[in-house]
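# Fold and contact review
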Amino acid sequence: MSAIADAPLGAAEAAAAGSAEPETLLSVKDLRVTYKLGGGLFSRGRGEVKAVDGVSFEVRKGTTFGLVGESGCGKSTTGRAIINLTPPTGGEVLFRGEDLATVKSARMRELRRSIQMVFQDPYSSLNPRMRVIDSIVEPMDIHRYLTKEQRFERALSLIERVGLRADHLYRFPHEFSGGQRQRIGLARALALDPELIIADEPVSALDVSVQAQVLNLLKSLQVEFGLTYVFISHDMSVVRYLADDIGVMYLGKIVETGSSEAIFSNPKHPYTQALLSAVPSTTPEGRRERIILSGDLPSPKNPPSGCVFSSRCPVAMPICSQRAPLLQRVGGQNVACHLYDEE
Ligand code: SF4
């Protein structure tokens, strides 16, 4: 992603305009997703996997919150739990003050109109046997949104807004490239005029040049429709391009959170520092010494004791495997690391 690695940091329109701090649209508090294990004929006892373990963050209206970390860190499960596709086992997901984790299913159905998800592989949200027009109109049919004529007009305006043509409405998904399919996925996600979009690795399956085009499209759609994004990605350079605020996840936990500017200019957590050291830079001052982490992400079935990063941390101390660090304010961000404990 060197083409966008040094792009300017994302910034909320409201903040850029110098207006008051945008209100909080989504507040995730101590979110947990735990899976029970074992019980099979040949399994050795029971246990549990904490896929998401006490995740908290806030997303301001009209901004982008980037959730970043290696594959398997729990960021996609967090995104799915926000929208209840994976039911949370604990915590709160407050959307405009209403807890999505506990609302009744009828109310959740209403709220789902305002919250849409975009997936890495748009094929997973596009029925291969449906023409594009039907895929875009379908959510409006389900939610009885607009009249029949207005649904068609909206589909037409959205397909053009995402950079495709009116005649594309009558084709099938297999007739498009990956980038075009993602544009169709965005048009479908916008059909119900949502406030919040959870985008799970929306560009990671695309070529670099196409990634940049889709990211630019996401930015312009955000301004035009006043959208708020939770943008999930393993790629720091992609997150930097879009995010106003960032949460860095490791093994089900947030280890650092703060503004994009604070995290990119002065990362505090050793894991964030390692992730950023891998981001290519085209300017000498932007280059960082590469930090290579040893080993793979541990299994969430058997996480390290104390700090979850202790088995790979290049600066681990004896206390790190004894006691889990809590998120604490360090400079402009919140960091879970014993390096910043007060004596
Ligand atoms: Fe490394 Fe210890 Fe900080 Fe964890 S708490 S990131 S192991 S220094």
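A short tour of the structure in this document, coming up. (Residues numbered from 1 in each chain as written. Predicted model: local features only at pLDDT ≥ 70, side-chain atom pairs only at ≥ 80, totals over all residues. Heavy atoms only, no water.)

### Quick word on the side chain of threonine 257
Mapping threonine 257 onto the fold places it in strand E10 (residues 253-259). For threonine 257, a relative accessible area of 12% puts it in the buried group. Within polar-contact distance, the side chain of threonine 257 engages the backbone oxygen of isoleucine 246 at 3.0 Å. Setting aside residues no more than four positions away along its own chain, threonine 257 makes contact with Phe65, Ile246, Gly247, Ile263, Gln333 and Asn334. (Helix = DSSP H or I, 4+ residues; strand = E, 2+ residues; numbered from the N terminus. Buried < 20%, exposed > 50% of the residue type's maximum accessible area, 1.4 Å probe, protein only. Polar contact = N/O pair within 3.5 Å; in protein donor to acceptor, adjacent residues only side chain to side chain. Contact = heavy atoms within 4.5 Å.)

### Some points on the pattern of salt bridges
Overall, the coordinates contain 17 salt bridges when judged by the stated rule. The partner of arginine 131 in a salt bridge is aspartate 134, and the shortest N-O contact between them spans 3.4 Å. What makes aspartate 134 partly exposed here is its relative accessible area of 31%. Across the salt bridge formed by glutamate 138 and arginine 188, the nearest N and O atoms sit 3.0 Å from each other. (Salt bridge = Lys/Arg side-chain N within 4 Å of Asp/Glu carboxyl O.)

### Some thoughts on the sheet that holds strand E2 (residues 47-60)
Here we have four strands laid out as an open sheet, ordered E2-E1-E4-E5, and antiparallel in their pairing. The sheet terminates laterally at E2 and strand E5 (98-99), the two strands that pair on one side only. Where strand E1 (residues 24-37) lies against E2, 11 bridges are found, and the strand directions are antiparallel. Looking at E2, one finds that leucine 37 is bridged to glycine 47. Contacting E1, E2 and strand E4 (90-95), helix H3 (residues 75-82) crosses the sheet at an angle of about 115 degrees to E1. (Pairing = 2+ DSSP bridges. Axes fitted to C-alpha atoms, helices over the stretch in contact; angles between N-to-C directions.)

### Quick notes on the packing of aromatic side chains
The relation between two aromatic rings is expressed through the spacing of the ring centres and the mutual angle of the planes. Within the structure shown, the criterion is met by four aromatic pairs. Ring plane angle 65 degrees and centroid distance 4.7 Å describe the contact between tyrosine 250 and tyrosine 271, whose orientation is recorded as edge-to-face. Of the two residues, tyrosine 250 sits in strand E9 (residues 245-250) while tyrosine 271 sits in helix H11 (residues 270-277), which places them 21 residues apart along the sequence. The class of tyrosine 250 is buried, set by a relative accessible area of 0%. Relative to phenylalanine 309, the ring of tyrosine 250 has its centre 5.0 Å away and its plane inclined at 80 degrees; by these criteria the two rings are edge-to-face. (Phe/Tyr/Trp six-rings, centres within 6.5 Å; stacked < 30°, edge-to-face > 60°.)

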